Amino acid sequence: VACRLYTADPAAADALGRTAEPLPAPLGKLPKTDLVVCDSYRLNESDFTALRGRCRLLATLDDTADRPLPVDVIINHNLYAAQLGYEALSTAKVLAGPDYALVNDKVMAAAHHHRTHPPENAAVISFGGTDDGTIAAKVAGELLRRSDARIDVIVAASRQPAAAIRDLAQAHPGRVVLHHGADVPALLSHARLYLGAAGMMSFEAFAIGLFLVVVPIADNQRPGAEALLRYGHDMVAELDPAKLAEHAAQRLRHPPAITLSPIDGKGPERLAAALLH
């Protein structure tokens, strides 16, 4: 399979070690191909129609089932995906639930390490690719006062770390560690707890086996955060650094019983087989 990546921000892809091309304008100028896989809320019904004319099979990732999706395949790997009513929005084949979880071999290797080695007294904090560490610094500062755990703060490679998190790490060497463009699965494999946004990194932390304290920082993150409650994890409804830190400190002191993740790591293989078929 020969793959090409198109994005609105090729520089961000480059920072993550991926070569990307700018999105063609209009989308109808996309070179003809066999399969197009979309991952963007910016795409509307007419965009999908234009793309459908450029490929044999059109697929899209989706989290919310809240808009018409005139595509051939819908991919939703979230824990709650099977409960969504896609039949009212699309005639597409739906590949839903953790059987199609988009986690790679590094995540599953981290999960094996986490199961077979006692985790360190460490918490990983991240608020996704949109946070340069400004939010994370506030939460880390609150957790410092409530716990003796090491605090590993992740800032995406595509963002320059903010002065607030750099200063906090410098003021508390060994207690607050800044990771800029980190090997996320490897870092998570050694920690006890993930604290932060309910995005893709929290999904990987869930697959690896950490305890999670999450906050939905975007509307599409709320269903995933609520689904984690059924597995014994914590959700804080709004971005309140003190409340998030208090929940995390309590869980570090008194680790709860959690239900193991159903993710087996074969999701990408199942998904590729279905799309290629």
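The present account deals with the structure reproduced in this document. It should be emphasised that the depicted structure is a prediction, and the values quoted were computed from it without experimental measurement.

The rules we used
- Residues numbered from 1 in each chain as written.
- Predicted model: local features only at pLDDT ≥ 70, side-chain atom pairs only at ≥ 80, totals over all residues.
- Heavy atoms only, no water.
- Helix = DSSP H or I, 4+ residues; strand = E, 2+ residues; numbered from the N terminus.
- Contact = heavy atoms within 4.5 Å.
- Pairing = 2+ DSSP bridges.
- Axes fitted to C-alpha atoms, helices over the stretch in contact; angles between N-to-C directions.
- Buried < 20%, exposed > 50% of the residue type's maximum accessible area, 1.4 Å probe, protein only.
- Polar contact = N/O pair within 3.5 Å; in protein donor to acceptor, adjacent residues only side chain to side chain.
- Salt bridge = Lys/Arg side-chain N within 4 Å of Asp/Glu carboxyl O.

**What to know about the environment of alanine 81**
Next, step 1: Examined against the element boundaries, alanine 81 turns out to sit in the loop between strand 5 (73–76) and strand 6 (93–96).
Next, step 2: The sequence separation of alanine 81 and proline 98 amounts to 17 residues, and the corresponding C-alpha distance is 8.4 Å.
Next, step 3: If we skip the residues at most four places from it in the chain, alanine 81 touches Asn76, Ala96 and Gly97.

**Here's the deal with the sheet that holds strand 3 (residues 33–38)**
Next, step 1: Read across the open sheet, the four strands follow the order 3-4-5-6; overall the sheet is parallel. The sheet is open, and its two edges are formed by strand 3 and strand 6, each paired on a single side. The sheet shows a mean angle of 20° between the axes of neighbouring strands, taken without regard to direction.
Next, step 2: Sheet topology places strand 5 next to strand 6; four bridges connect them, and they run parallel. Pairing of isoleucine 75 across the sheet is with leucine 95, part of strand 6.
Next, step 3: In the packing of helix 2 (residues 45–52) onto the sheet, contacts are made with strand 3 and strand 4 (55–61), and the angle to strand 4 comes to roughly 145°.
Next, step 4: Contacts from helix 10 (residues 267–276) reach strand 3, strand 4, strand 5 and strand 6, with the element oriented near 175° to strand 5.

**Observations concerning the side chain of aspartate 152**
Next, step 1: For aspartate 152, the location among the structural elements is in strand 8 (residues 150–155).
Next, step 2: Taking relative accessible area as the criterion, aspartate 152 reaches 2% and is therefore assigned buried.
Next, step 3: For aspartate 152, the side chain forms a polar contact with the side chain of arginine 150, separated by 3.0 Å.
Next, step 4: In this structure the side chain of aspartate 152 is engaged in a polar contact, spanning 3.0 Å, whose partner is the side chain of histidine 179.
Next, step 5: Once residues lying within four places of it in the same chain are set aside, the contact partners of aspartate 152 are Ala122, Ala123, Val124, Ile125, Val177, His179 and Leu187.

**Here we look at the pattern of salt bridges**
Next, step 1: Under the definition given, this model contains 13 salt bridges.
Next, step 2: As a salt-bridge pair, arginine 4 and glutamate 21 come within 3.1 Å of each other at their nearest N and O atoms. Separated by 17 residues along the polypeptide, arginine 4 in the segment before strand 1 (6–7) and glutamate 21 in strand 2 (residues 21–22) bring together distant segments of the chain.
Next, step 3: Owing to a relative accessible area of 55%, arginine 4 belongs among the exposed residues under this scheme.
Next, step 4: You can call glutamate 21 partly exposed: its relative accessible area is 30%.
Next, step 5: Aspartate 183 is paired through a salt bridge with lysine 106; the nearest N and O atoms lie 3.5 Å apart. Residue aspartate 183 is located in the loop between strand 9 (176–180) and helix 6 (184–189), and its partner lysine 106 is located in helix 3 (residues 105–116); the two are separated by 77 residues in the primary sequence.
Next, step 6: Take lysine 106: its relative accessible area is 47%, and that puts it in the partly exposed class.

**A look at the sheet that holds strand 12 (residues 234–235)**
By definition, the strands of a sheet pair up through backbone hydrogen bonds, in either a parallel or an antiparallel sense.
Next, step 1: The six strands lie next to each other as 9-8-7-10-11-12, forming an open sheet whose pairing is parallel. Lying at the two open borders of the sheet, with one neighbouring strand each, are strand 9 and strand 12.

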